[in-house]
Amino acid sequence: MVELRVGNSDQRYQDLVETIKEGILELDQDGCIVFASPPLLKMLDKPSGSLLGQEASEFLNAESISVWREHAHRLPASKCENFVIELLRNDGSLLPVSLSMRVCVDHRGGEGSFCVVSDLTEAQHANQLVRWILNSTASLTGEEFFQALMRNVAEAFCFRYAFITECMDISQTRVRTLVYWNGQDFEPNFEFDLAETPCGATIHGAQTYFVSRGLANVFPYTAALGVEGYLGIPLFDTTFKTVIGHIAFLSRGEIAMDVVEHPFFKIFASRTGAELRRKRAEEQARTVLQQLAHLSRVNSLGEMASGIAHELSQPLSALQTFAHASLRLIASGASSIEELQHTLTRVVVQADRMGEILRRIRSLSKKEEVERRALDVNLLIEEIVDLLSFDAQQSSIELEVDLAENLPAVWVDGIQIQQVILNLVRNSLDAIEEYALSRRKVTIRTRLPAGALFVDLMVCDFGPGVSPADRSRIFDPFFTTKERGMGIGLSISRSIAEAHGGSLRLESSESGGTVFLLTIPLAD
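Residues numbered from 1 in each chain as written. Predicted model: local features only at pLDDT ≥ 70, side-chain atom pairs only at ≥ 80, totals over all residues. Heavy atoms only, no water.

Enquirer: Tell me about the overall build of the protein, residues and numbers included.
Expert: Within the protein, the regular secondary structure consists of 15 helices and 18 strands. Residues classed as buried in the protein amount to 44% of the 524 residues present. Partitioning the contacts of the protein with sequence separation of at least 6, the portion at a separation of at least 24 is 58%. For the protein, the accessible surface area stands at approximately 27500 Å², while carbon and sulfur atoms represent 51% of it. (Helix = DSSP H or I, 4+ residues; strand = E, 2+ residues; numbered from the N terminus. Buried < 20%, exposed > 50% of the residue type's maximum accessible area, 1.4 Å probe, protein only. Contact = heavy atoms within 4.5 Å. Areas by Shrake-Rupley, 256 points an atom, 1.4 Å probe, with all protein chains shown as cover.)

Structure follows, in structure tokens:
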């Protein structure tokens, strides 16, 4: 048994129990209070000496009394009991506390009890804050998540500045902000070097970096910011070994250690790190998609080489004819200005036509960043049909266009959507050509369903269709029914459609063949 005699302790022990923030309570063998420390009296808003001689039940509600008695009953055997109850304050309000009860020897030599009482009010408020912040950001992703989280945390803990960064290189010498809160609003994101900064200490040290106060003494440049404290938390990749960014908080006043040690920041860093990893994986997937899409476009252009050459040969031949005619008119000396002007105008028209064909080919072959804007989907279709018309004619396939009039603009990257159209139409042409079918027609149709926020684009053919066994795999990467197919066209097309907020699916066709439906979101 541990012998503790608080009432008769020496002066140093008396000073200790009166200055620590936890409350101290001693009860004799009859359960009456023989000592209550000043911190405990302050918690309960009780005057000095007011609890002496009373039973603990005097400041417990009915529920807490039964909990207290249950643990007090077990104490002689267990020697130590830890539990949570609510104490009654002087004004009748409830105070949540954690209580650690131990056996001790009372002033009469009997077996009493000694209790350490910890106020849980701040912890409960902090836990409520954590739950509120996590719940309010649970459905958010990307920049919306970063902004909501940083603003809420900064305001909850009274931080002056709060920001999240992402490392820009493997050497971890430079970062860019993903969100930056200046205490009143979000500022535009920017890049900065990590050399001789607390952020560098966080990222290079790969652990939490904390300066309670006097930050300018360690990093003089921070004096201009008017801040005292800094808290930096690193964010890791999926291996949890490599730092990919960090969270930083700067405070005008001192940052207390209990703030740094708050479990919320571990949860916060874990959630933020997961979101940063998701963002990076999404960007990497988008880059791979763009590279595959470019490869597919170049491959398609190679397969269309004869048709493209034919398309170019027509305006080029006309250009030569009209140019020679112009020279003959000039040489004759008998032509009028009007005749010469008319012939040269036809030269310009054919040159413009050839330039437009070259522009379309160049656009499809270039590797460019995605750029979405409001475009006319019918115009995108017409440009692709012009490129494919010769191939269709050579295969004796009718290329029918059935476009709805006055369609609203769609919000797309024109080159990517044209690639989807190109892939779908070429698949239909190849299917009809391969199986030597009698109904040799491919139809491209657009419609705007009533009340819809999407334009429907359909590519229909009377080819052999897709077998039931292949329907579930038709969009899988590298799956193909063609003898020389790459198996990436439809997979890339669906990814492009979904990246635009639309969809691509294989529809049922009562008349045979295939019907691919591409939905494209409207610009407004």
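After that view, the rundown keeps rolling.
Enquirer: Give me the side chain of Asn182: which residues, what numbers.
Expert: Within the secondary structure, Asn182 sits in the loop between β7 (174-181) and β8 (191-193). Taking relative accessible area as the criterion, Asn182 reaches 16% and is therefore assigned buried. In this structure the side chain of Asn182 is engaged in a polar contact, spanning 2.8 Å, whose partner is the backbone nitrogen of Gln184. Within polar-contact distance, the side chain of Asn182 engages the side chain of Glu187 at 3.1 Å. In this view, Asn182 contacts Arg160, Tyr161 and Glu187; residues no more than four positions away in its chain are not counted. (Polar contact = N/O pair within 3.5 Å; in protein donor to acceptor, adjacent residues only side chain to side chain.)

Enquirer: For the sheet that holds strand β11 (residues 243-251), give the residues involved together with the corresponding values.
Expert: Read from one edge to the other, the open sheet built from 6 strands follows the order β8-β7-β6-β11-β10-β9, with strand pairing classed as antiparallel. Only two strands of the sheet have a single partner each, and these edge strands are β8 and β9 (209-211). Between one strand axis and the next, the sheet turns by 25 degrees as a mean value, whatever way the strands run. Where strand β6 (residues 161-167) and β7 come together, 6 bridges link them in antiparallel fashion. Bridging from a neighbouring strand, Phe163 pairs with Tyr180 of β7. Along the sheet, helix α5 (residues 142-156) makes contact with β6, β7 and β11, crossing β7 at roughly 70 degrees. (Pairing = 2+ DSSP bridges. Axes fitted to C-alpha atoms, helices over the stretch in contact; angles between N-to-C directions.)

Enquirer: Could you give an account of the pattern of salt bridges, with specific residues and numbers?
Expert: Evaluation of the coordinates by the stated rule reveals 15 salt bridges. With a closest N to O distance of 2.7 Å, Glu275 and Arg278 form a salt bridge. Residue Glu275 and its partner Arg278 are both found in helix α9 (residues 264-303); the two are separated by 3 residues, about one turn of the helix. A relative accessible area of 3% places Glu275 in the buried class. In this structure, Arg505 and Glu507 form a salt bridge, with 2.9 Å as the shortest nitrogen-oxygen distance. (Salt bridge = Lys/Arg side-chain N within 4 Å of Asp/Glu carboxyl O.)

Enquirer: For the pairing of strand β1 (residues 23-27), give the residues involved together with the corresponding values.
Expert: Taken across its 5 residues, β1 has 5 buried, putting it largely inside the fold. Along β1, one buried face is formed by Gly23, Leu25 and Leu27 and the opposite face, lined by Ile24 and Glu26, is buried too. Bridge analysis of β1 against strand β5 (residues 111-119) gives 5 bridges, and the strand direction is antiparallel. From the neighbouring strand, Gly23 faces β5, where its bridge partner is Val117. For β1 and strand β2 (residues 33-36), the ladder comprises 3 bridges, and the chain directions are antiparallel. Across the sheet, residue Glu26 finds its bridge partner in β2, namely Phe35. Connecting the antiparallel pair β1 and β2 is a turn made up of 5 residues, with Gly31 showing a positive phi of about 85 degrees.

Enquirer: I'd like to hear about the nonpolar core, residue by residue, with values.
Expert: Of all hydrophobic cores here, the largest spans 40 residues; its most connected members are Val377, Ile381, Val425, Val442, Leu457 and Ile520. Elements supplying a minimum of two residues to this core: α12 (377-394), β14 (410-412), α13 (414-435), β15 (441-447), β16 (454-461), α15 (489-499), β17 (503-507) and β18 (515-521). The element best represented in this core is α13, accounting for 8 residues. Excluding its chain neighbours within four sequence positions, the residues that come into contact with Leu457 are Val377, Ile381, Ile421, Ile444, Arg445, Thr446, Phe516, Leu517, Leu518 and Ile520. Leu149, Val153, Leu178 and Phe249 belong to the second-largest nonpolar core, a separate cluster that totals 26 residues. (Core = buried A, V, L, I, M, F, W, Y, C linked by side-chain atoms within 4.5 Å.)

Enquirer: Outline the sheet that holds strand β4 (residues 94-105), supporting the account with residue identities and numerical values.
Expert: Pairing is antiparallel across the open sheet formed by 5 strands, whose spatial order is β2-β1-β5-β4-β3. A single partner strand is all that each edge strand has here, and the edge strands are β2 and β3 (80-88). Within the sheet, the average angular offset between the axes of one strand and its neighbour, ignoring direction, is 25 degrees. Helix α3 (residues 62-78) rests against β1, β3, β4 and β5 of the sheet, and its axis sits at about 160 degrees to β3.

Enquirer: Can you lay out the pairing of β5 for me, pointing to particular residues and giving the numbers?
Expert: Where β4 and β5 come together, 9 bridges link them in antiparallel fashion. Bridge assignment links Ser100 to a residue of β5, and that residue is Val116.

Enquirer: So what's going on with helix α6 (residues 198-205)? Which residues, and what values?
Expert: Of the residues making up α6, those classed as buried are Pro198, Cys199, Gly200, Thr202 and Ile203. Ala206 sits one or two positions beyond α6 and adopts a positive phi of about 55 degrees.

Enquirer: Tell me about unusual backbone geometry, residues and numbers included.
Expert: Even without being a glycine, Cys158 presents a positive backbone phi close to 60 degrees. Note that Cys158 resides in the loop between α5 and β6. Of note in the backbone geometry, Ala206 takes a positive phi value of approximately 55 degrees without being a glycine. For Ala206, the position within the fold is in the loop between α6 and β9.

Enquirer: With reference to specific residues and values, describe the confidence of the model for the protein.
Expert: Averaged over every residue, the pLDDT of the protein is 80; residues scoring 70 or more account for 77%. Here residues 1-9 is a poorly scored stretch, pLDDT under 50, and it has 23 contacts once near neighbours within four places are set aside; other chains count. (pLDDT = per-residue confidence, 0-100.)

Enquirer: Pulling in residues and values, what's your account of a negative patch on the surface?
Expert: Residues Asp119, Glu122, Asp258 and Glu261 make up a contiguous surface patch of negative charge. Here Glu261 is to be found in the loop between α8 (257-260) and α9. (Patch = residues over 30% accessible without salt bridge, like charges linked within 9 Å, V, L, I, M, F, W, Y side chains within 5 Å. Lys, Arg positive; Asp, Glu negative; His and termini not counted. Charge placed at Lys NZ, Arg CZ, Asp CG, Glu CD.)

Enquirer: I'd like a rundown of the side chain of Ser64, residues and numbers included.
Expert: The residue Ser64 is located in helix α3 in this model. Look at Ser64 and you get buried, because its relative accessible area is 4%. Polar side-chain contacts of Ser64 include one of 3.0 Å to the backbone oxygen of Glu86. Not counting residues up to four positions away in its chain, the partners in contact with Ser64 are Ile85 and Glu86.

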